[in-house]
Amino acid sequence: MSSSKKIRVLVAKPGLDGHDRGAKIVARALRDAGMEVIYTGLRQTPEMIVEAAISEDVNVIGMSILSGAHNALFPKVMELLKAEGVDNILVIGGGIIPQDDVPALKAAGIAEVFGPGTPLAEIVGYIESNVKL
Amino acid sequence: MGSEKGLRKTFKEWDEGPVAKTLAKFPERKEQFETLSGIPVDRLYSPSEKALKEYGPELGFPGMFPFTRGVQPTMYRGRFWTMRQYSGFATARETNERFKFLLNQGQTGLSIAFDLPTQIGYDSDNPLAQGEVGKVGVAIDSLADMELLFDGIPLDKVSTSMTINAPAAILLAMYIAVGEKQGVPMNKLRGTIQNDILKEYVARGTWVFGPNPSLRITTDIMEYCAKNLPLWNPLSISGYHIREAGSTAVQEIAFTLLNGMAYVQAGVDSGLDVDSFAPRLSFFFNAHNDILEEVAKFRAARRMWAHLMREKMGAKDPRSWKLRFHTQTAGCSLTSQQPMNNVVRVAYQALAAILGGTQSLHTNSMDEALCLPTEDAVRVALRTQQILAHESGIANTIDPLGGSYYIESLTNQLEAAAYKYFDQVESMGGVVRAIEKGFFQREIAESAYKYQLGVDAGQRTVVGVNDFIIEDEELKIPVLKVDKEIECHQVERVILGRRKRDNKKVLEYLDDLRKVSKGTENVMPSVLKAVRAHATVGEIMHVWREVYGEWNQPEVL
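Small disclaimer: the values here were computed from a predicted structure and weren't measured. (Residues numbered from 1 in each chain as written. Chains lettered and ligands numbered in written order. Predicted model: local features only at pLDDT ≥ 70, side-chain atom pairs only at ≥ 80, totals over all residues.)

1. Let's talk about the overall build of chain B
Phase 1: Within chain B, the regular secondary structure consists of 21 helices and 9 strands.
Phase 2: Its C-alpha radius of gyration of 23 Å places chain B within 12% of the 24 Å reference for a compact globule of 557 residues.
Phase 3: Taken over the C-alpha atoms alone, chain B extends approximately 75 × 60 × 50 Å along its principal axes.
Phase 4: Looking at chain B residue by residue over its 557 residues, the buried ones come to 53%.
Phase 5: Taking as baseline every contact in chain B between residues at least 6 positions apart, the subset at least 24 positions apart corresponds to 76%. (Helix = DSSP H or I, 4+ residues; strand = E, 2+ residues; numbered from the N terminus. Rg over C-alpha atoms; globule rule 2.2 N^0.38 Å. Buried ≥ 20, exposed ≤ 12 C-beta atoms within 10 Å, placed from the backbone. Contact = placed C-beta atoms within 7 Å.)

2. Concerning the sheet that holds strand 4 (residues 190-193) of chain B
All names here are of chain B.
Phase 1: With parallel pairing, 9 strands are arranged side by side in an open sheet as 5-4-3-2-1-9-8-7-6. Two strands lie at the open edges of the sheet, namely strand 5 (232-233) and strand 6 (235-238), each paired on one side alone.
Phase 2: One ladder, built from 4 bridges, connects strand 3 (residues 159-163) with strand 4; its direction is parallel. Bridge pairing in strand 4 links Ser159 to Arg190. (Pairing = 2+ DSSP bridges.)

3. Here's the deal with the packing of helix 7 (residues 211-228) of chain B against helix 9 (residues 249-269) of chain B
Residue and element names in this part refer to chain B.
Phase 1: As a packed pair, helix 7 and helix 9 sit with axes 10 Å apart at the nearest point and diverge in direction by 75°. In terms of orientation, helix 7 and helix 9 fall into the roughly perpendicular class. Every residue of helix 9 that contacts helix 7 at Leu215, Thr218, Thr219 and Met222 is listed here: Tyr263, Ala266 and Gly267. (Axes fitted to C-alpha atoms, helices over the stretch in contact; angles between N-to-C directions. Parallel < 35°, antiparallel > 145°, perpendicular 65-115°, else oblique.)

4. Comments concerning the pairing of strand 8 (residues 325-329) of chain B
Residue and element names in this part refer to chain B.
Phase 1: For strand 8, a buried count of 5 out of 5 residues is recorded, marking the element as mostly surrounded by other parts of the structure.
Phase 2: Residues Phe325, Thr327 and Thr329 of strand 8 are buried on one face, and the alternating residues His326 and Gln328, pointing to the opposite face, are buried as well.
Phase 3: Across 5 bridges, strand 7 (residues 281-287) lies against strand 8 in parallel orientation. Looking at the pairing, Ala287 lines up with Thr329 of strand 8.
Phase 4: Pairing geometry for strand 8 and strand 9 (residues 360-362), over 3 bridges, is parallel. Bridged to Thr327 within strand 9 is Leu361.
Phase 5: With helix 13 (residues 341-355) bridging strand 8 and its parallel neighbour strand 9, the resulting β-α-β unit is right-handed. (Right-handed = clockwise from strand over helix to strand, strands pointing away.)

5. Observations regarding the interface of chain B and chain A
Phase 1: Contact residues are listed per partner, giving 31 residues for chain B and 29 residues for chain A.
Phase 2: For the side of chain B that touches chain A, the secondary-structure elements that each account for two or more residues are helix 3 (116-120) and helix 17 (439-456) of chain B.
Phase 3: Among the elements that take part in the side of chain B that touches chain A, helix 17 of chain B stands out by supplying 5 residues, more than any other.

6. Comments concerning the confidence of the model for chain B
Phase 1: Confidence in the prediction of chain B, expressed as mean pLDDT, is 94, and 98% of residues score 70 or more.
Phase 2: If you check the scores for this complex, the pTM reads 0.94 and the ipTM reads 0.94. (pLDDT = per-residue confidence, 0-100.)

In structure tokens form, the structure reads like this:
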């Protein structure tokens, strides 16, 4: 794959949570870093997210939840991806996510979890070095 | 008021008018106020003889137009602000316990946080509610939950604020119905329902229907309250979430007051007399980090609302001119790094709110960048207010920063900058058009992004985050966990509830509500009937989803 191919990212808000300040900021930062970004808007079900990821042919899914529903919704997205036979999408998460919950999310296939105060450059750098193009 | 004589005259009018009247009804907390070292503290300080000319009519006196210095003639010398901690989690039972704990700790008002399914109008057993039940607030499906929530809390003894918007009519009806069961008539109920749908599109995200049907329900609630719940605030026009979403202080007051004017206009357009409902409108602002800018912001907002209501909306009742507001400290300023530092941030933000003349206050807990607050964390937050009230002395005189060159200049500048948005929005065709175009949303996202770039570039310091960091910091404070089982219990409870009620009656009332919602009659009586028969939040909202459809967000990025 040519190195000039742009990384495609789906920034998604699963669940009913309306806090999208972080998701929008990250979406813009990724775009400013040269990636192609699709933002889903609020209230996406795991099914909607997986469908969008496949039809948009993205390399990365970034999900943000501040409502505490991450333990239910993040693994659900991973399950659905698996069921669709998708294993080349890098899936990362962010929001208000207690440290104690992170190991289980990682075990479910979430590659990394970024908490409040994470510098944008760290997220950009992480995607650039871990994406499978 | 520009001359020495003029000022003295107005001062006398104030002293013998509003102040004397207020004192006769509400004596001050103490006969005499003094500093820690025994120096007497006057009710109000005004300029020295020399500076009299500077003291213009735009400052006025507390409790008098344009209310820059406060909405009450004696402010906190009469009574402290209401200490009101926003709380709710898990089910009605757990939240009822937290309410009782807070009241025992000296809190003076209740404030309910609902979970997201309740806020968006899905019952706990709806598949879309999965994972969200009882997480950011308490799950309320039917009247049975609401009764449990207020078990042992007499509604004539507390004032209650409810953060609920799209389903506001339903939760208000449930509160009324709980009152009925306790023997408290609705004209005795005191409290506030947020009911501010416009800021949901702008910043908070729990909209359901589009702006026009939503405004119709809002107007119905305002009308119903004006007639039946004279002590209730039917609307809390909120800048808080606009600020949390990343706006500047200027955008916070501009967009909030613009929304406020849109509600007033909607009320007037539906045939209500402005003075019949405007005195009960209330506001809700954020107290952020920049202490003096925040103080100026509250003062500017008060002055703007007074002018807008008197001059633009033609309100004649002085109570319609008063901007009364609740404040919450800035959740977005809290850091998950070195969380104890948040206690200090909250204390300064609370100080700004009080110096700015707030009517009630929520202080955030130190652990809120990590989880919902634990009991211990909430106690410290409440104690912060109690220390400010009882120990700091700042409540002993009114608007103590009034007259500061910086504060007055900043107040004027915030006001002028906020008014610029008024012209811009008017030229776009008004608030609803601006929302549909995503104008407010984009303005806020732009400010939020700029702020974050500033932090990332190190131009803005956030202590413990981009400077003064502890390397490999380990989290040392306890974190509240909502039990996974909660969701299962609540799902069982709502299913069981639907079996136990008279379903024929429920269907009949929901049908009746459907008809009324398609017509022009006030929806509140029909909602109340359905609620009394234990129709659920999800069922009532489903009727409205059918009648009104759901809103589509404009693209903002």
